[in-house]
Amino acid sequence: MPAGSQAAFAIEAERLTVSYRHARGVVELDLEVPTGEVFGFLGPNGAGKTTTIRTLLDLLRPSSGRVSVLGLDSHRDSLEVRARTGYLPGDLTLPERLTGREVLDWSASLRPRTPPRRRDELVERFEVELHRPVRQLSRGNRQKLGIVLAFQHDPELVVLDEPTSGLDPLMQDEFQRLLRDQVAAGRSVFLSSHSLDEVQHVADRVGIVREGRLVTVETVEALRERGLRRVTATVARGQGERAEAVLTPLEGVTELRRDGDVVAFAVGGSFAPVVEALAGVEVLDLLSRSADLDEVFLAMYRGDAEGEAGR
């Protein structure tokens, strides 16, 4: 790829397979992450997230398949890939005896083009401890140091594995703003996590991996639409039983519960039949919320497990 040009895809994997002797890795994974987006990579521990990341960065070699990062071959061009990529591993390990400042200096010496102004901005933004040895830092302060290490050289792509582990809520919010800034600047983020709340607030699209296989890739909004909508209807005094009666036979209405004149239920699919059914009931209040990503995620896994058990 010509120097200075920008690839259409930050990451491309074609039939990527990584096999271990005694464990499952990744199986024929096809993935495209366009430049300029936050891509969430979801799955429980052991699903293949970290294996995928390590293969992207040439820390593991694929058993078969092809991987490119920023338009470069992840193995043949691994040095250039690492120079243009930031990485925060899930098992972050730092030199215990060095201070935070010495760790950042050491990392910057490996990347001579690291802009000092960018580093100073990140240190201030995340209130990073620079003067104490790493061994004296809390888990959260180590994680903040790791964030600066991943971003300080202004990389085109940042690969993050469980990045907010140990951060307090204020720093998590600041981190989300950093990711939005990254994308606004035309950069890309590959965010691997099992924190569904974190991903649904920052990701443009989400890929879900299960037992080494990619289950789906969709926008957060599309995934939410696949989930159950939670509804609470408050009706006029004495009409709770009637509301329950008209809702019970509706296809797509589940988990229906009534407490006096308050009826709570879940809706899958179109909401129109619910509105029509309640037209003959005096509804005082109707509260509806879309499914959170964690509900969709768990439902997908539960459905896959039940399907396999049936087979």
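Rules used in this analysis
- Residues numbered from 1 in each chain as written.
- Predicted model: local features only at pLDDT ≥ 70, side-chain atom pairs only at ≥ 80, totals over all residues.
- Heavy atoms only, no water.
- Pairing = 2+ DSSP bridges.
- Helix = DSSP H or I, 4+ residues; strand = E, 2+ residues; numbered from the N terminus.
- Axes fitted to C-alpha atoms, helices over the stretch in contact; angles between N-to-C directions.
- Contact = heavy atoms within 4.5 Å.
- Buried < 20%, exposed > 50% of the residue type's maximum accessible area, 1.4 Å probe, protein only.
- Right-handed = clockwise from strand over helix to strand, strands pointing away.

Participant: Can you lay out the sheet that holds strand β6 (residues 85-88) for me, pointing to particular residues and giving the numbers?
Facilitator: Sheet strands line up and pair through hydrogen bonds in the backbone, either parallel or antiparallel. The strand order β6-β7-β8-β3-β9-β10 describes an open sheet built from six strands, whose pairing is mixed. Each end of this open sheet is capped by a strand with a single partner; those strands are β6 and β10 (213-219). On average, each strand axis in the sheet is inclined to that of its neighbour by 15 degrees, with strand direction left out of account. Where strand β7 (residues 157-161) meets strand β8 (residues 188-193), five bridges bridge the pair, whose relative direction is parallel. For V159, the partnering residue across the bridge sits in β8 and is F190. Packing of helix α6 (residues 169-184) onto the sheet brings it into contact with β3 (38-42), β7 and β8, and relative to β8 it is tilted by some 145 degrees.

Participant: So what's going on with the pairing of β8? Residues and values would help.
Facilitator: Among the six residues in β8, six count as buried, and that is most of the element. Along β8, one buried face is formed by S188, F190 and S192 and the opposite face, lined by V189, L191 and S193, is buried too. Sheet topology note: the β3/β8 ladder contains five bridges and is parallel. Bridge pairing links L42 to S193 in β8. On the question of chirality, the crossover connecting β7 to the parallel β8 by way of α6 is right-handed.

Participant: Please set out the pairing of strand β12 (residues 253-259) residue by residue, giving values where relevant.
Facilitator: As defined by bridge partners, β12 adjoins strand β13 (residues 262-267) across five bridges and the pair is classed as antiparallel. What sits directly across from V253, in β13, is V267. Following β12, the chain reverses through two residues before pairing antiparallel with β13; G260 in that reversal takes a positive phi of roughly 70 degrees.

Participant: Residues and numbers for unusual backbone geometry, please.
Facilitator: Most peptide bonds are trans, and most residues other than glycine sit at a negative phi. A positive phi angle is found at E127, which is not glycine, with a value near 50 degrees. Its identity as a non-glycine residue notwithstanding, D154 has a phi of 55 degrees, on the positive side. Inspection of the secondary structure assignment puts D154 in the loop between α5 (139-151) and β7. Owing to a relative accessible area of 32%, D154 belongs among the partly exposed residues under this scheme.

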